[in-house]
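Working through the structure, step by step
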Amino acid sequence: MTAFFTLKAGELVPAPHARGPWSPDMLHGRLLGGLAARAVDEHTEPGFRAARLTVDLFRNSPLLPLTVASTVVRDGRRIRVVDVEIGSAHGKVARASAVLLKESTQPPGEVTATPAWDVGPPTGEPVGSGEWFPPFELWQLTQWGEPGPHRAWMRERFPLVEGEEHTPLVRAALAADFASPISHFGTAGLQFINADYTLTLSRLPAGPTLGLEGTGHVSDDGIAAGQCTMHDERGPIGFCVVTAVANPGDRLAR
């Protein structure tokens with residue numbers, strides 16, 4: 001399998017299939033989130049777990065080599081905070097921040113929890129998606145253009161970086177970007193492009209297959225906010241929130 005990036009002389013060189021759906025020469029924003037998670041993993045140790053990852057996608061990036069730098073800005077007894085910057089020859093293209101929390105004993109008592117899906121793991125062959133065939137396996141539980149909430153299972157096809165296997169955090173970060181179409185796709189197609197996403201996790205995914213369920217969408221004056229619940233095959237693991245701006249000239253139709 002051909003990875004999305006090859007590491008050469010300290011730079012991550014993207015492969016052609018690292019392109020996104022909006023333009024043939026634009027890097028897919030989901031991969032920036034994956035690279036950010038990869039950098040956060042370097043600061044993880046037994047007993048600490050990534051509980052929140054926020055990725056700011058503030059600049060479109062052509063298919064150019066990338067550099068990734070990370071810094072621990074807070075290293076406490078129970079909380080560790082990591083900042084990540086991603087850049088290319090065109091300057092900074094994304095940034096991220098992560099909160100890692102110390103594992104401990106689960107407290108007593110009951111809290112109303114998000115229920116597990118009423119569907120099982122994906123079966124059958126994955127499907128494509130319009131003019132752009134996604135570089136991940138996709139099983140739609142609802143069809144684009146139909147009333148929501150939209151739900152889908154997904155699984156990665158390719159490694160993120162050549163010679164490396166996906167870590168659980170990287171898998172979750174790659175899947176989290178898909179919260180934008182899940183929450184923003186409407187009867188006229190996908191007319192919003194997300195500017196960021198925040199992934200929150202109570203635990204890391206237990207396997208390679210992840211599910212997203214749209215649980216909210218609001219939009220006014222060309223600005224949208226959406227939210228999704230993320231599942232693995234054992235049950236819900238966290239939430240993802242995205243903000244997006246109207247992009248009707250380059251919309252993705254169903």
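Predicted model, so just to flag it, every value in this text is computed and none were measured.

The next point concerns the environment of Arg 59. Relative to the assigned elements, Arg 59 resides in the loop between β3 (48–56) and β4 (67–75). Judged by its relative accessible area of 39%, Arg 59 falls in the partly exposed class. Among residues more than four places away in sequence, those in contact with Arg 59 are His 90, Gly 91, Lys 92 and Val 93.

The next thing to look at is the sheet that holds strand β9 (residues 192–201). Backbone-to-backbone hydrogen bonds pair the strands of a sheet. The strands run either parallel or antiparallel. Read across the sheet, ten strands follow the order β4-β5-β6-β3-β9-β12-β11-β10-β8-β7 without closing on themselves; strand pairing throughout is antiparallel. Each having just a single partner strand, β4 and β7 (136–140) make up the two edges of the open sheet. Each neighbouring strand pair of the sheet contributes to a mean axis angle of 25°, computed without reference to strand direction. Where strand β8 (residues 151–156) meets strand β10 (residues 210–220), four bridges bridge the pair, whose relative direction is antiparallel. Within β10, the position partnered with Ala 152 by the bridge is Leu 212. The strands touched by helix α1 (residues 29–41) are β3, β4, β5 (79–88), β6 (91–102), β7, β8 and β9; relative to β5, the strand with the most contacts, the crossing angle is about 135°. Against the sheet, helix α2 (residues 168–176) touches β3, β8, β9, β10, β11 (223–232) and β12 (235–246), its axis set at about 145° to β9.

According to the stated counting rule, one finds zero disulfides in the structure shown. As a non-bridged cysteine, Cys 240 has Cys 228 as the owner of its nearest cysteine sulfur, 6.5 Å distant.

Right, let's get into the pairing of β4. Along any regular strand, the residues point their side chains to alternate faces of the sheet. Where β4 meets β5, eight bridges bridge the pair, whose relative direction is antiparallel. Looking at β5, one finds that Ala 69 is bridged to Glu 85. The turn linking β4 back onto β5 is made up of three residues.

Mapped onto the elements, Glu 156 comes out in strand β8. For Glu 156, a relative accessible area of 15% puts it in the buried group. For Glu 156, the side chain forms a polar contact with the side chain of Arg 30, separated by 2.4 Å. With residues up to four places along the chain from it excluded, the contact list for Glu 156 reads Phe 4, Arg 30, Pro 135, Phe 136, His 166 and Leu 174.

With that settled, consider the packing of aromatic side chains. Evaluated as defined, the whole model comprises five aromatic pairs. Measuring from centroid to centroid gives 5.4 Å for Phe 136 and Phe 178, while their planes differ by 75°, and the two rings are edge-to-face. Taken as a pair, Phe 136 in strand β7 and Phe 178 in the loop between α2 and α3 (179–184) lie far apart in primary sequence, 42 residues in all. The exposure classification of Phe 136 matches that of Phe 178, with both residues buried. A centroid spacing of 4.7 Å and a plane angle of 25° characterise the contact between Trp 144 and Phe 185, whose relative ring orientation is stacked. Within this pair, whereas Trp 144 is found in the loop between β7 and β8, its partner Phe 185 is found in the loop between α3 and β9, the two being separated by 41 residues in sequence. You'll find Trp 144 and Phe 185 in the same group, each marked buried. Members of the aromatic cluster, each reached through a chain of ring pairs, are Phe 136, Trp 144, Phe 178 and Phe 185. If you follow Arg 80 out to its NZ or CZ, it ends over the ring of Phe 48, 4.4 Å from the centre.

Attention shifts here to α1. Given a rise of 1.5 Å per residue, 13 residues ought to cover 18 Å, and the 19 Å separating the end C-alpha atoms of α1 matches this to within 8%. With twelve of 13 residues buried, α1 is to be regarded as a mostly interior element. All of the buried residues along α1 are Gly 29, Arg 30, Leu 31, Leu 32, Gly 33, Gly 34, Leu 35, Ala 36, Ala 37, Arg 38, Ala 39 and Val 40.

Quick notes on the rules
- Residues numbered from 1 in each chain as written.
- Predicted model: local features only at pLDDT ≥ 70, side-chain atom pairs only at ≥ 80, totals over all residues.
- Heavy atoms only, no water.
- Helix = DSSP H or I, 4+ residues; strand = E, 2+ residues; numbered from the N terminus.
- Buried < 20%, exposed > 50% of the residue type's maximum accessible area, 1.4 Å probe, protein only.
- Contact = heavy atoms within 4.5 Å.
- Pairing = 2+ DSSP bridges.
- Axes fitted to C-alpha atoms, helices over the stretch in contact; angles between N-to-C directions.
- Disulfide = S-S within 2.5 Å.
- Polar contact = N/O pair within 3.5 Å; in protein donor to acceptor, adjacent residues only side chain to side chain.
- Phe/Tyr/Trp six-rings, centres within 6.5 Å; stacked < 30°, edge-to-face > 60°.
- Lys NZ or Arg CZ within 6 Å of the ring centre and 35° of its normal.
- Expected span 1.5 Å × (residues − 1).

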